[in-house]
Amino acid sequence: MARSSGSKKRGGKKKGASASGDGLFTPEQQRDILGVGLLALSLFVALALVRPSWFGTGAAESFPSGNLVGPLGTFVREILHGAVGAASPLAPVLLALSGLRTAGWLEKFTTLRILAFTGGLALLLPIGFAVCFGPGAGGWIGRAVAEPLVGSIGGLGATILE
């Protein structure tokens, strides 16, 4: 097979090819696209957690599925509430931070500190909610940890430890 020398740049790469070799997007563009996608997902999850009834009866009637983003939003809300209970609003925060970092719009050190703090809250708040307000408030994570904790050291001890 003969190669045409007109379609190659110096160094053997084809014209218009990205560094990853797929020819469509550069690695920087891929990171930007992924970052914007994660930000869009965080907005979707945040809207899924908002109940239309919070805006009055007119708004609740405008969304017959009971969710601002439809039946899929209801499913996402139920999954999040089932997993982490009242700490579910931290999910869009984690997604947004991940998107900002992936796209390179936040510094690594800053992002890691905020993610560690928010992730810690996402793990500890369900346990605290389950201890203080009952197993349903903390979702699956709260029930899995709070029930044995309360059973072994009591409600006051679990609250102090938490």
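If you're wondering where the values come from, they're calculated on a predicted model, not measured in any experiment. (Residues numbered from 1 in each chain as written. Predicted model: local features only at pLDDT ≥ 70, side-chain atom pairs only at ≥ 80, totals over all residues. Heavy atoms only, no water.)

### Section: the environment of Phe75
Stage number 1. Relative to the helices and strands, Phe75 is located in helix H3 (residues 70-84).
Stage number 2. Distance from Phe75 to Ala48, taken between C-alpha atoms, is 8.6 Å for residues 27 residues apart in sequence. (Helix = DSSP H or I, 4+ residues; strand = E, 2+ residues; numbered from the N terminus.)

### Re the confidence of the model for the protein chain
Stage number 1. Mean pLDDT over the protein chain works out to 85, with 86% of the residues at or above the 70 mark.
Stage number 2. Mean pLDDT across the secondary structure elements of the protein chain bottoms out at helix H2 (residues 57-62), with 81, and peaks at helix H1 (residues 27-49), with 96.
Stage number 3. This model gives residues 1-14 a pLDDT under 50, and the stretch forms nine contacts once residues within four places in sequence are excluded. (pLDDT = per-residue confidence, 0-100. Contact = heavy atoms within 4.5 Å.)

### Brief notes about the packing of H3 against helix H6 (residues 139-161)
Stage number 1. At a minimum axis distance of 1 Å, the contact between H3 and H6 shows a crossing angle of 15 degrees. For the element pair H3 / H6, the angle class is roughly parallel. Taken together, the residues of H6 that come into contact with H3 (itself represented by His81, Gly82, Ala83 and Val84) are Gly139, Trp140, Ile141 and Arg143.
Stage number 2. Of the residues assigned to the contact of H3 with H6, the class counts are four nonpolar, three polar and one charged. (Axes fitted to C-alpha atoms, helices over the stretch in contact; angles between N-to-C directions. Parallel < 35°, antiparallel > 145°, perpendicular 65-115°, else oblique. Nonpolar A, V, L, I, M, F, W, Y, C, P; charged D, E, K, R; others polar.)

### Brief notes about the packing of aromatic side chains
Stage number 1. Summed over all chains, the structure comprises one aromatic pair.
Stage number 2. Residues Phe129 and Phe133 carry aromatic rings whose centres are separated by 6.0 Å and whose planes lie at 35 degrees to one another, so their mutual orientation is tilted. Of this pair, Phe129 and Phe133 both sit in helix H5 (residues 108-133), four residues apart, which is roughly one turn of the helix. (Phe/Tyr/Trp six-rings, centres within 6.5 Å; stacked < 30°, edge-to-face > 60°.)

### A word on the pattern of salt bridges
Stage number 1. Under the counting rule described, the total for this entry stands at one salt bridge.
Stage number 2. For Glu78, the salt bridge identified is with Arg77, shortest N-O distance 3.7 Å. (Salt bridge = Lys/Arg side-chain N within 4 Å of Asp/Glu carboxyl O.)

### Thoughts on a nonpolar patch on the surface
Stage number 1. Together, Leu24, Phe25 and Ile33 give the surface a local cluster of nonpolar side chains, amounting to about 300 Å² of exposed area.
Stage number 2. Of note, Phe25 is situated in the segment before H1. (Patch = residues over 30% accessible without salt bridge, like charges linked within 9 Å, V, L, I, M, F, W, Y side chains within 5 Å. Areas by Shrake-Rupley, 256 points an atom, 1.4 Å probe, with all protein chains shown as cover.)

### Considering helix H4 (residues 90-102)
It helps to recall that an α-helix has 3.6 residues per turn; residues three or four apart then point in one direction.
Stage number 1. Between the first and last C-alpha of H4 there are 18 Å, a value that for 13 residues agrees with the 18 Å anticipated at 1.5 Å per step.
Stage number 2. Considered for burial, the residues of H4 that qualify are Leu90, Ala91, Pro92, Ala96, Leu97 and Gly99.
Stage number 3. Gly104 sits one or two residues past H4 and shows a positive phi near 85 degrees. (Expected span 1.5 Å × (residues − 1). Buried < 20%, exposed > 50% of the residue type's maximum accessible area, 1.4 Å probe, protein only.)

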